[in-house]
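Fold and geometry: a report
Listed here are the chains, written in short residue letters.
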Amino acid sequence: MNKILQNSILASNLSKTVLYSIEFKLLMGLSKTFSFFVKPPKEENDKVLVKHLQEGVIKLHKEDARNIDEGYYPLDVIKPKSPFMHLKNLPYIIYDSLKISRRRKLNRKKDLENDLITAPDYLKRNYHFQTDGYFSERSATIYEHQVEVLFSGTAAPMRRMLIKMIKEKLKTKSSLKILELGAGVGSASIDFSKSFDFENYVISDVSVPYLNLAKKRLMSKNKNESRLHFVQTAAEELPFSENEFDLVFSIYLFHELPKDVRDKVLSESHRVLKKDGVFAFCDSLQVNDDPRLNSVLAQFPIDYHEPFYKGYTLWKTQESLEKTGFHEINSDHKLLSKYWLARK
Ligand SMILES: C[S@@+](CC[C@H](N)C(=O)[O-])C[C@H]1O[C@@H](n2cnc3c(N)ncnc32)[C@H](O)[C@@H]1O
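Residues numbered from 1 in each chain as written. Predicted model: local features only at pLDDT ≥ 70, side-chain atom pairs only at ≥ 80, totals over all residues.

1. Description of the overall build of the protein chain
- The number of helices and strands found in the protein chain is 11 helices and seven strands.
- Relative to a compact globule of 344 residues, whose C-alpha radius of gyration would be 20 Å, the protein chain shows 19 Å and is just as compact.
- The proportion of buried residues among the 344 residues of the protein chain is 41%.
- At a minimum sequence separation of 6, the contacts of the protein chain that also span at least 24 residues come to 73%. (Helix = DSSP H or I, 4+ residues; strand = E, 2+ residues; numbered from the N terminus. Rg over C-alpha atoms; globule rule 2.2 N^0.38 Å. Buried ≥ 20, exposed ≤ 12 C-beta atoms within 10 Å, placed from the backbone. Contact = placed C-beta atoms within 7 Å.)

Here you go:
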């Protein structure tokens, strides 16, 4: 165990948490100042709950440092993003936070400029009240930064916790065929592509602008370029044949889907997996995983328009996985995220 390395990683992670927390406070302050015109999200004032969350953040960052030290993923997953891009995006994020709060005030959920989007109907809305929903380049450009502001810089470590769990579950460890569903702008794909030994890694999402940005980010300077593939598809209708992949996974996809679509994604994932292949996903915590956070789970979909979130938090996931034909099912949770793994 390398204590110096672990403490340096912890310091780096905590500095990101401090930065994004300051930005969150800034946006909250702005919303409150203009509250005659916009509606700020609910501010958490319960001191015991805030302390519980802060302790959870530190625990998560320490675990991330241990995982790196133990070699589950490489050190460069913590490499800071370009400060230039960060500063470049910030003014638009500040401006957009007011537009988001205005939509929240007016309860405007289908405020999309582009009527020609090819996507399932349930998706044609402003998830999180965000401008353009998932369907523009400008939304894609600021998405990852906005998520980190919301989660105080813990989204990236929460995502990559799944890497360790998958590595412990996989029977085959090399030349993997991997499929990622709902990959967004490639926030997890970058870390996953550095952590697994794969023959093919298919990165998919239903949103063209999000997938385009993922491609741009992963294809620049990635030594695995020729083995990365980008496919625009809905996760419930996969354009792949049976028994193709060793691993199918998603991050923060399921809470966005209606129940019937969640079930279809499970059966499609099962279909395209090889026998003994692993299905895994990371998503929001579910009700009673950490009872102290039930109030946070109840407030989130109200503040950040998430029409299917409540259903997801109550979803009998184990039952659905079993019904689909998965076995060796296990789950775990860390801070605000939950992880499910199963075998075909
Ligand atoms: C909350 S974001 C998560 C993105 C990414 N996995 C991450 O960790 O940041 C959800 C993503 O799922 C995509 N998505 C939503 N419904 C989908 C569906 N039915 N099929 C495929 N992708 C979908 C959205 O376009 C969006 O990029």
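2. Observations concerning unusual backbone geometry
- The backbone of Ser175 shows a phi angle near 50 degrees, a positive value even though the residue is not glycine.
- In this structure, Ser175 sits in the loop between helix 5 (155-169) and strand 1 (176-181).
- Among the residues examined, Ser175 registers 11 C-beta atoms within 10 Å and is labelled exposed.
- In this structure, Leu335 takes a positive phi of about 50 degrees despite not being glycine.

3. Quick look at the site of the ligand
- Taken together, the neighbourhood of the ligand is formed by 22 residues, with Gly182, Gly184, Val206, Ser207 and Ala235 sitting nearest.
- Considering only residue class, the shell around the ligand consists of 14 nonpolar, four polar and four charged.
- Viewed by domain, the shell around the ligand spans two of them, domain 1 (3-150) and domain 2 (155-343), each represented by three or more residues. (Near = placed C-beta within 6 Å. Nonpolar A, V, L, I, M, F, W, Y, C, P; charged D, E, K, R; others polar. Domains from an automatic or database assignment.)

4. Brief notes about the pairing of strand 1
- Here strand 1 lies mainly inside the structure; five of its six residues are buried.
- Examined bridge by bridge, strand 1 and strand 2 (residues 198-205) share five bridges and lie parallel to one another. Bridge pairing links Lys177 to Asn200 in strand 2.
- For the crossover that starts at strand 1, traverses helix 6 (residues 187-195) and ends in the parallel strand 2, the hand is right-handed. (Pairing = 2+ DSSP bridges. Right-handed = clockwise from strand over helix to strand, strands pointing away.)

5. With respect to the nonpolar core
- Core analysis: the largest hydrophobic core is formed by 80 residues, its most contacted members being Leu162, Ile166, Ala214, Val248, Ala280, Phe281 and Leu341.
- When residues of this core are sorted by domain, at least three fall in each of domain 1 (3-150) and domain 2 (155-343).
- For Leu162, the contacting residues outside a window of four places in its chain are Phe249, Ile251, Ala280, Cys282 and Tyr339. (Core = buried A, V, L, I, M, F, W, Y, C linked by C-beta atoms within 7 Å.)

6. Observations concerning the domain arrangement of the protein chain
- According to the domain assignment, the protein chain consists of domain 1 (3-150) and domain 2 (155-343).
- Each partner contributes residues to the interface: domain 1 has 37 residues there, and domain 2 has 29 residues.
- Breaking the side of domain 1 that touches domain 2 down by element, the ones donating at least two residues are helix 2 (47-69) and helix 4 (137-150).
- Looking at the side of domain 1 that touches domain 2 residue by residue, the classes come out as 19 nonpolar, 10 polar and eight charged.

7. Observations concerning the environment of Leu60
- By the element assignment, Leu60 lies in helix 2.
- As for Leu60 and Phe240, which are separated by 180 residues in sequence, their C-alpha atoms are 36 Å apart.
- Setting aside residues up to four positions removed in sequence, Leu60 forms contacts with Thr154, Pro157, Met158, Lys334 and Leu335.

8. Quick notes on helix 5
- Compared with an ideal rise of 1.5 Å per residue, which puts 15 residues at 21 Å, helix 5 spans 23 Å between its outermost C-alpha atoms and is within 8% of the ideal.
- The buried count for helix 5 comes to 11 of 15 residues, which makes it a mostly enclosed element.
- Along helix 5, the residues that are buried comprise Ala155, Ala156, Pro157, Met158, Arg159, Arg160, Met161, Leu162, Ile163, Met165 and Ile166. (Expected span 1.5 Å × (residues − 1).)

9. Quick word on the environment of Gly186
- Along the chain, the position of Gly186 falls in the loop between strand 1 and helix 6.
- The exposure class of Gly186 is buried, given the 25 C-beta atoms found within 10 Å.
- For the pair Gly186 and Arg138, spaced 48 residues apart in the sequence, the C-alpha separation amounts to 15 Å.
- Not counting the four nearest positions on each side in its chain, Gly186 is found in contact with Ile203, Ala214, Arg217 and Leu218.

10. Remarks on the sheet that holds strand 1
- Strand order in the open sheet formed by seven strands is 3-2-1-4-5-7-6, and the pairing between neighbours is mixed. Edge strands, defined here as strands with exactly one partner in the open sheet, are strand 3 (228-232) and strand 6 (327-334). For this sheet the average axis-to-axis angle between neighbouring strands, irrespective of direction, equals 15 degrees.
- Here four bridges tie strand 1 to strand 4 (residues 245-251), and the two strands are oriented parallel to one another. Opposite Leu181, over in strand 4, you have Ser250 as the bridge partner. (Axes fitted to C-alpha atoms, helices over the stretch in contact; angles between N-to-C directions.)

11. Some thoughts on the packing of helix 6 against helix 7 (residues 208-219)
- Viewed as axis vectors pointing N to C, helix 6 and helix 7 meet at an angle of 35 degrees, and their least axial separation amounts to 9 Å. Here the hand of the crossing between helix 6 and helix 7 comes out right-handed. Residues Ser189, Ile190 and Ser193 of helix 6 form the contact with helix 7, whose own contacting residues are Ala214, Arg217 and Leu218.
- Looking at side-chain class alone, the contact of helix 6 with helix 7 contains three nonpolar, two polar and one charged residues. (Left-handed = near helix turned anticlockwise from the far one by under 90°.)

12. Re the environment of Leu213
- Along the chain, the position of Leu213 falls in helix 7.
- By C-beta crowding, Leu213 is classed as buried, having 21 other C-beta atoms within 10 Å.
- When the C-alpha atoms of Leu213 and Gly186 are compared, they prove to be 7.6 Å apart, with 27 residues separating the residues in sequence.
- When sequence neighbours within four positions are dropped, the list of residues in contact with Leu213 reads Ala140, Thr141 and Val185.

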